[in-house]
Amino acid sequence: MRLAFGDPSRGSSLEVAVAAASSEPVSGGYLLRGREVRAFPPLRGVQFFRHGWQSWSLSAWVDPREPPQPLFPKERRPQADDPFLLEAADWGKAWWGSGLGALRFPEGQVLLLGALDPGARVLGREEVLLGRYASGEGRWFLAYGPEEEAFAAYARHLPRRLSGRPPRVWCSWYSFYNRIHEALLLKVLEEVAGLPFEVFQIDDGWQRALGDWEPNPRFPRGMAFLAERIREKGLRAGLWLAPFLVTADSPLGRAHPEWILRDGEGRPIPAGFNWGRPLYALDSGNEEVLEHVAALVRRVREWGYEYLKLDFLYAAALPGAEGEVRYRKAMERIREEAGEAYLLFCGAPILASLGLADGLRVGPDAAPYWDNEDRSFWLQDPTGPGLRNALRTTLHRLWLRGNVQVDPDVAFFRSRFSLLSPEEMRLQEAMGEITGFKATSDPPSWLSPGERERLLAFLGRDKEVEFLGPYRFRVEEEVLDYAFLL
Ligand code: 9PG
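Residues numbered from 1 in each chain as written. Predicted model: local features only at pLDDT ≥ 70, side-chain atom pairs only at ≥ 80, totals over all residues. Heavy atoms only, no water.

**Digging into the pattern of salt bridges**
Enumeration over the complete set of coordinates arrives at 43 salt bridges. A salt bridge links Arg132 to Glu36; its shortest N-O distance comes to 2.8 Å. Note that Arg132 is positioned in strand 12 (residues 128–133) and Glu36 in strand 5 (residues 36–40), a separation of 96 residues in sequence. A relative accessible area of 26% places Arg132 in the partly exposed class. You can call Glu36 partly exposed: its relative accessible area is 28%. (Salt bridge = Lys/Arg side-chain N within 4 Å of Asp/Glu carboxyl O. Helix = DSSP H or I, 4+ residues; strand = E, 2+ residues; numbered from the N terminus. Buried < 20%, exposed > 50% of the residue type's maximum accessible area, 1.4 Å probe, protein only.)

Here you go:
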């Protein structure tokens, strides 16, 4: 079939040849159905919008003639279903993305193909967008026009959950990493309580082991005690959990080897490598696992935590697109159990999380440096920590801001223990202002008086923001242009 787009009188029309089971016009484009659909525009695309599967995976405009090369051997892939980390064997040597893809034409207009159901991938070549669901039939949305309009039209067809104003968070990770302990956090809490924060979030480092979500000996009075101290200061208590991760040597892994997600031959499916050991996933399709995770959420709620950073969630969707329907059911269960708690999803399959997450990390980790070139350049891996990677992928997901509170990760105000220039710090700080999600890990006592003033101004008042283009913004008097990052 041939589908017509745009307004011929404005010189912006296009006829696209489409292969799909059916098509019908809907607001902003066409609704297509089919397990596999193809769209052939009359022009060659000069760029492909590659959308990464989960929070940390690359989303960016790339050259469709230069597909990525796989980097890691299979066993060491940090996360599955990502072309940087996985040979796209059955996809040929081409770029592909998760859920959606778009081609940009020489005059700047884009053709976007986006899935409306979980479990889809989109391949992009100069002459075609090909979408395929991992299993079963699904719905697709096809739009043509200026980049912002096409992406906004797609977003309007996706699930949404927006509640109130995004939070202002102090998070322990990017200052202390996992070297946290009770006395340290109580000291920082005193400092943080003097500033207009809302959430004091304890990150990785409190637990005994992955899967063993009880406080380790560095938290002698337990986690309910800390939550109580946090609430006394008028803050909401936040806690980090990676509810679907496990290591082979953790007590949970040993007690319930049958809960570990395995392939057809009974081998555990790799779920990444961190903390010096291979990671495995709990099988989110197993009812006992869901009951275990639901009980965990209940327990931390009873301890008094009202803000949960649920991390490494891709583990619940492994081995990739195939697992997204199962992932969504598991996360619906967690959403019910969590009640009114704020859920920040991290390391999470992006599209399958919409409508369930309150906040969603949309890029790799920030870090007190711009880029680690050993990893990003020499290893060609754009998913590692650093402001460059974090900003680039976040920028390419801002079109989701009407569906979920997008988390660009923390901003830095400190010069202590940091390699960032003032300009680099400003770019990350402004992303907090643009998204409204304002977080930092800087302990106030690390800040100079000037830096403290700046943090206060950041938290204290929401600035007026105008989108001048997808990658250009006006924040009050200042224009920020991130196009150099693309
Ligand atoms: C705690 C951290 C912080 C951070 C999260 C997440 O191996 N990896 O690929 C990998 C990626 C990200 C990552 C850790 C490991 O960071 O994004 O905010 O909570 O976990 O461990």
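**Details of the domain arrangement of the chain**
Domain parsing of the chain yields domain 1 (2–156) and domain 2 (168–485). Using only C-alpha atoms to locate each centre, domain 1 and domain 2 end up separated by 28 Å. On the side of domain 2, 42 residues touch domain 1, which itself brings 35 residues to the contact. When domain 1 packs against domain 2, close to 3100 Å² is buried across both sides, 63% of that on carbon and sulfur atoms. Considering only the surface of domain 1 that becomes buried against domain 2, Trp53, Ser55 and Trp56 emerge as the three largest contributors, covering 25% of it. (Domains from an automatic or database assignment. Contact = heavy atoms within 4.5 Å. Buried area = accessible area lost by both parts, 1.4 Å probe.)

**Side note on the packing of helix 3 (residues 182–192) against helix 4 (residues 222–232)**
Running from N to C, helix 3 and helix 4 cross one another at 10 degrees; their axes reach a closest spacing of 11 Å. As the angle between them shows, helix 3 and helix 4 are arranged roughly parallel. From helix 3, Glu182, Leu185, Leu186 and Leu189 reach across to helix 4, where they touch Gly222, Phe225, Leu226, Arg229 and Ile230. (Axes fitted to C-alpha atoms, helices over the stretch in contact; angles between N-to-C directions. Parallel < 35°, antiparallel > 145°, perpendicular 65-115°, else oblique.)

**A few points about the confidence of the model for the chain**
Caution applies to low-pLDDT regions: their predicted coordinates should not be interpreted in detail. Taken over all residues, the pLDDT of the chain has a mean of 93, while the share at 70 or more is 94%. Overall, residues 85–91 carries pLDDT values under 50, and its contacts beyond four positions in sequence, including any with other chains, amount to 17 contacts. (pLDDT = per-residue confidence, 0-100.)

**Notes on the pairing of strand 13 (residues 139–145)**
Taking burial as the measure, the 7 residues of strand 13 include 6 buried ones, the bulk of the element. With 4 bridges connecting them, strand 4 (residues 29–33) and strand 13 associate as antiparallel partners. Bridge pairing in strand 13 places Arg33 opposite Arg139. Pairing between strand 10 (residues 110–115) and strand 13: 6 bridges, direction antiparallel. If you follow Leu112 over to strand 13, its bridge partner there is Ala143. (Pairing = 2+ DSSP bridges.)

**Thoughts on the packing of helix 9 (residues 387–395) against helix 10 (residues 422–435)**
Two numbers describe how helix 9 lies on helix 10: the axes approach to 11 Å, and their chain directions differ by 35 degrees. Relative to helix 10, the crossing made by helix 9 is left-handed. Along the contact surface, helix 9 presents Leu387, Leu391, Thr394 and Leu395, while helix 10 presents Glu424, Leu427, Gln428 and Met431. Looking at the contact of helix 9 with helix 10 residue by residue, the classes come out as 5 nonpolar, 2 polar and 1 charged. (Left-handed = near helix turned anticlockwise from the far one by under 90°. Nonpolar A, V, L, I, M, F, W, Y, C, P; charged D, E, K, R; others polar.)

**Some thoughts on the sheet that holds strand 29 (residues 478–481)**
Overall, antiparallel pairing links the 3 strands, which are arranged 27-28-29 in an open sheet. Because the sheet does not close on itself, it has two edges, and the strands there are strand 27 (465–469) and strand 29. Here the strands of the sheet are splayed against their neighbours by 25 degrees on average, with no regard to which way each runs. Note that strand 27 and strand 28 (residues 472–475) share 4 bridges and pair antiparallel. Note that in strand 28 the partner of Val465 across the bridge is Val475.

**Thoughts on the sheet that holds strand 26 (residues 438–440)**
Strand order across the open sheet formed by 8 strands is 25-24-23-22-18-15-14-26, with parallel pairing between neighbours. Looking along the sheet, the strands with just one partner apiece sit at the ends: strand 25 (405–407) and strand 26. Neighbour-to-neighbour, the strand axes of this sheet turn through a mean angle of 25 degrees, independent of strand direction. Of the pairings in the sheet, the one linking strand 24 (residues 359–361) to strand 25 comprises 3 bridges and is parallel in character. Counted as the bridge partner of Gly359 is Gln405 from strand 25. Against the sheet, helix 3 engages strand 14 (168–171) and strand 15 (199–202), with an angle of about 160 degrees to strand 15.

**Examining the side chain of Asp358**
With respect to the helices, strands and loops of the structure, Asp358 is situated in the loop between strand 23 (342–345) and strand 24. By relative accessible area, which is 3% here, Asp358 ends up buried. Separated by 2.6 Å, the side chains of Asp358 and Arg335 make a polar contact. From its side chain, Asp358 meets the backbone nitrogen of Leu343 in a polar contact 2.8 Å long. (Polar contact = N/O pair within 3.5 Å; in protein donor to acceptor, adjacent residues only side chain to side chain.)

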